[in-house]
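Observations on the model geometry
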Amino acid sequence: MSKITKEGGCLIVPEQVTIPYIEGDGVGAEITPVCQHIVNIAVKKAYGSNRHIEWKEVLAGEKAFKQTGSWLPDETMDAFRTYMIGIKGPLTTPIGGGIRSLNVALRQTLDLYVCLRPVRWFQGIVTPIKEPEKVDMYIFRENTEDIYAGIEWQQGTPEANKFYRFLTEEMGVTKVRFPETSSFGVKPVSIEGTERLVRAAIEFAITNRLPSVTLVHKGNIMKFTEGGFKLWGYALAEREFPGQTFTWPQYEKIKKEKGEDAAAQALLDAESSGKVVIKDVIADAFLQNTLLIPEEYSVIATLNLNGDYISDQLAAMVGGIGIAPGANINYDSGYAIFEATHGTAPNIAGKNIVNPCSLILSSVMMLEFMGWNEAAMLITAALEHAFSEGKATHDLARFMPNGQSLGTKEFGEYIVKIL
Ligand code: NAD
């Protein structure tokens, strides 16, 4: 079996490829085998014996801790580095022990700076919104910076006190309302971090012929961090993609110089010539707009914390975390880990009722990333077929007018039958 490599900016995927996987804790043991079986069948159906995935198990989480005494053994990180692309089930967050989150550790160690969440609706899925078919977005969430980077000090510790003294004595800060009882956090947002995220989002929009990239931020309040994200994002689009994008500041400039009609015409011309429109919106307005005018948004580029909230709201709008796929990607090195976005669901583990679709759709993203689009399309079409017949696991089927609840294994077998 062979390894994926990256040469001259291109991913080279051998026909017989090894993919490391983490089974995952809790429901991981149920969804992972179902997902792998479906992928194997789809690859065989699409390419016969010409292409094949050899799954290589690597350990993380509770299973790793029980077998090796480590929550995230070095061998696991080595395997992801060696094979470049991997997939994982959900992991229990260890309590105590110095690891904030295994997922965050994996993302930070491999510098997987994009958390990509595609959000689309499948015919047949019942959702809380009236027109879910209008939701078709790709969220590019920055994964390594922001208040989420974990630079914080607990109230009452010497570190928090020291930090407070630094703020007041050296930085002249007078705004901390309750200094004695405050914890503190730091929110780093950089030009490099913003640019690589926005670049990946724009390149994705260009490659997939998508109409727009929206920068979602709270720059109206956090002017240098989130406001910087907006300004640096626009500057990057105009500098690196001048012939392929049309930005909102360019629209405003034409409006100021030549009037509203000329600006509107320039926008129409840009859209009809296939340019990607780069716009921005304040995060709270964006969350409202996702419910009111979701069709106005396509690719979303946003900071870490905003992206966390946005991802779950959008997932809920098309059926919930049970069918929301995700990936953490470094578009420069090519390292990528595809993952179920839900947690270990301990309350339903071992009951054969968990929905395996988040991991299955993450494997579809993985196949697309590898360029194995035919196999990816087969799986997507099989899921569309099953949902349109009302066949799904209980979490989804219970809301469908024609719903027929299938167990996790039985749902997997039904998808295989369709394939
Ligand atoms: P959870 O996602 O595990 O569960 C939340 C609710 O959604 C539960 O009622 C659960 O039964 C349900 N649910 C989740 N996935 C489902 C699926 N595929 N099909 C049907 N129902 C599903 O979140 P939690 O309970 O807050 O967290 C449990 C553990 O998972 C914690 O240790 C947490 O840290 C961890 N976690 C891991 C990840 C990850 O590895 N990516 C993500 C979130 C939480």
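The structure displayed is predicted, hence computed values, not measured ones.

Take the overall build of the chain next. Across its full length, the chain carries 15 helices and 17 strands. Against the compact-globule benchmark of 22 Å for 419 residues, the chain has a radius of gyration of 23 Å, which places it among compact chains. Each principal axis of the C-alpha distribution contributes one length, and for the chain these read about 60 × 60 × 50 Å. Among the 419 residues that make up the chain, the fraction classed as buried is 50%. Sequence-distant contacts, at least 24 apart, represent 73% of the contacts inside the chain between residues at least 6 apart. For the chain, the separation between the mean place of its 40 positive charges and that of its 50 negative charges on side chains is 1 Å.

Orientation of helix α1 (residues 28-47) relative to helix α13 (residues 373-388), taken along the N-to-C sense of each, is 120°, at an axis distance of 8 Å. By the angle class used here, α1 and α13 are oblique. Viewed along their axes, α1 and α13 form a crossing whose handedness is right-handed. The segment α1 lies against α13, with I38, V39, A42, V43, K45, A46 and Y47 engaging N373, E374, A375, L378 and I379. A breakdown of the residues in the contact of α1 with α13 according to their chemical character gives 9 nonpolar, 1 polar and 2 charged.

Turning our eyes to something else, we now look at the nonpolar core. Soluble globular proteins: nonpolar side chains tend toward being buried together. Ranked by internal contacts, the top residues of the largest apolar core, which has 96 residues, are I19, I53, M370, L383 and F387. The element that contributes the greatest number of residues to this core is helix α12 (residues 357-370), accounting for 9 residues. Other than its neighbours up to four places away in sequence, I19 contacts I4, I53, E54, W55, K56, I85, G86, I87, M366 and M370. Listed in part, the 15 residues of the second largest apolar core include V58, A79, L106 and L110.

We now examine helix α4 (residues 102-109). The periodicity of an α-helix, 3.6 residues per turn, causes residues three or four positions apart to be oriented the same way. The element α4 is extensively covered by neighbouring structure, given that 6 of its 8 residues are classed as buried. On the buried face of α4, the contacting elements are β3 (16-22), α2 (61-68), α3 (74-83), β5 (85-88), β14 (325-329) and β15 (336-340). D111, located one to two residues past α4, shows a positive phi value of around 55°.

With that settled, the discussion passes to the pattern of salt bridges. This model, assessed by the stated rule, comprises 18 salt bridges. The salt bridge partner of R120 is E384, with a shortest N-O separation of 3.0 Å. Taken together, the positions of R120 in strand β6 (residues 114-120) and E384 in helix α13 put the pair 264 residues apart, joining distant regions of the chain. As a salt-bridge pair, D146 and K187 come within 2.5 Å of each other at their nearest N and O atoms. On the criterion of sequence distance, the pair formed by D146 in the loop between β7 (136-142) and β8 (152-153) and K187 in the loop between β9 (184-185) and α6 (191-207) is long-range, its members being 41 residues apart. Pair check on accessibility: D146 and K187 agree, each one buried.

Let's shift gears to the site of the ligand. Neighbouring the ligand are 20 residues; L91, T93, G343, A345 and N347 lie closest to it. Contacts to the ligand include N103, whose side-chain N or O atom sits 2.9 Å from an oxygen atom. H342 is positioned such that a nitrogen or oxygen atom in its side chain is 3.3 Å from a nitrogen atom of the ligand. Protein burial of the ligand: of its 810 Å² of free accessible surface, 66% is covered by the chains. Of the residues that constitute the shell around the ligand, the class distribution is 8 nonpolar, 10 polar and 2 charged.

Time to look at the packing of aromatic side chains. Applying the stated criterion to the full structure yields 15 aromatic pairs. Measuring from ring centre to ring centre gives 4.7 Å for W153 and F163, while their planes differ by 35°; the resulting arrangement is tilted. Within this pair, whereas W153 is found in strand β8, its partner F163 is found in helix α5 (residues 158-170), the two being separated by 10 residues in sequence. By the ring-pair criterion, three or more aromatic residues cluster together here, those being Y138, F140, F204, Y331, F338 and F369.

Here the focus is the state of the cysteines. Scanning the model with the defined rule gives 0 disulfides in all. Not engaged in a disulfide, the cysteine C115 finds its nearest cysteine sulfur in C35; these two sulfurs lie 17 Å apart. With no disulfide of its own, C357 lies closest to C35 among cysteine sulfurs, the gap being 9.8 Å. Overall, the relative accessible area of 0% leaves C357 in the buried class.

For N40, the position within the fold is in helix α1. Judged by relative accessible area, which is 29%, N40 ranks as partly exposed. Considering only alpha carbons, one finds N40 and A64, 24 residues apart in sequence, at a separation of 25 Å. If sequence neighbours within four positions are ignored, N40 has contacts with I53 and W55.

What follows covers the pairing of strand β4 (residues 52-57). Here β3 runs beside β4; their pairing, made up of 6 bridges, is parallel. From the neighbouring strand, Q16 faces β4, where its bridge partner is H52. Regarding the hand of the β-α-β motif, the stretch spanning β3, α1 and β4 is right-handed.

Between α6 and helix α7 (residues 226-240), the least distance of the axes is 9 Å, while the angle of their chain directions is 55°. If you check the angle between α6 and α7, you find them oblique. In this structure, α6 meets α7 at a crossing whose hand is right-handed. Only F229, W232, G233, L236, A237, R239 and E240 of α7 make contact with α6, whose side of the interface consists of I191, T194, E195, L197, V198, R199 and I202. The residue inventory of the contact of α6 with α7, partitioned by class, reads 8 nonpolar, 2 polar and 4 charged.

Rules and cut-offs
Residues numbered from 1 in each chain as written. Predicted model: local features only at pLDDT ≥ 70, side-chain atom pairs only at ≥ 80, totals over all residues. Heavy atoms only, no water. Helix = DSSP H or I, 4+ residues; strand = E, 2+ residues; numbered from the N terminus. Rg over C-alpha atoms; globule rule 2.2 N^0.38 Å. Buried < 20%, exposed > 50% of the residue type's maximum accessible area, 1.4 Å probe, protein only. Contact = heavy atoms within 4.5 Å. Lys, Arg positive; Asp, Glu negative; His and termini not counted. Charge placed at Lys NZ, Arg CZ, Asp CG, Glu CD. Axes fitted to C-alpha atoms, helices over the stretch in contact; angles between N-to-C directions. Parallel < 35°, antiparallel > 145°, perpendicular 65-115°, else oblique. Left-handed = near helix turned anticlockwise from the far one by under 90°. Nonpolar A, V, L, I, M, F, W, Y, C, P; charged D, E, K, R; others polar. Core = buried A, V, L, I, M, F, W, Y, C linked by side-chain atoms within 4.5 Å. Salt bridge = Lys/Arg side-chain N within 4 Å of Asp/Glu carboxyl O. Near = heavy atom within 4 Å. Polar contact = N/O pair within 3.5 Å; in protein donor to acceptor, adjacent residues only side chain to side chain. Areas by Shrake-Rupley, 256 points an atom, 1.4 Å probe, with all protein chains shown as cover. Phe/Tyr/Trp six-rings, centres within 6.5 Å; stacked < 30°, edge-to-face > 60°. Disulfide = S-S within 2.5 Å. Pairing = 2+ DSSP bridges. Right-handed = clockwise from strand over helix to strand, strands pointing away.

Function cannot be inferred from these measures alone, as they are strictly geometric.
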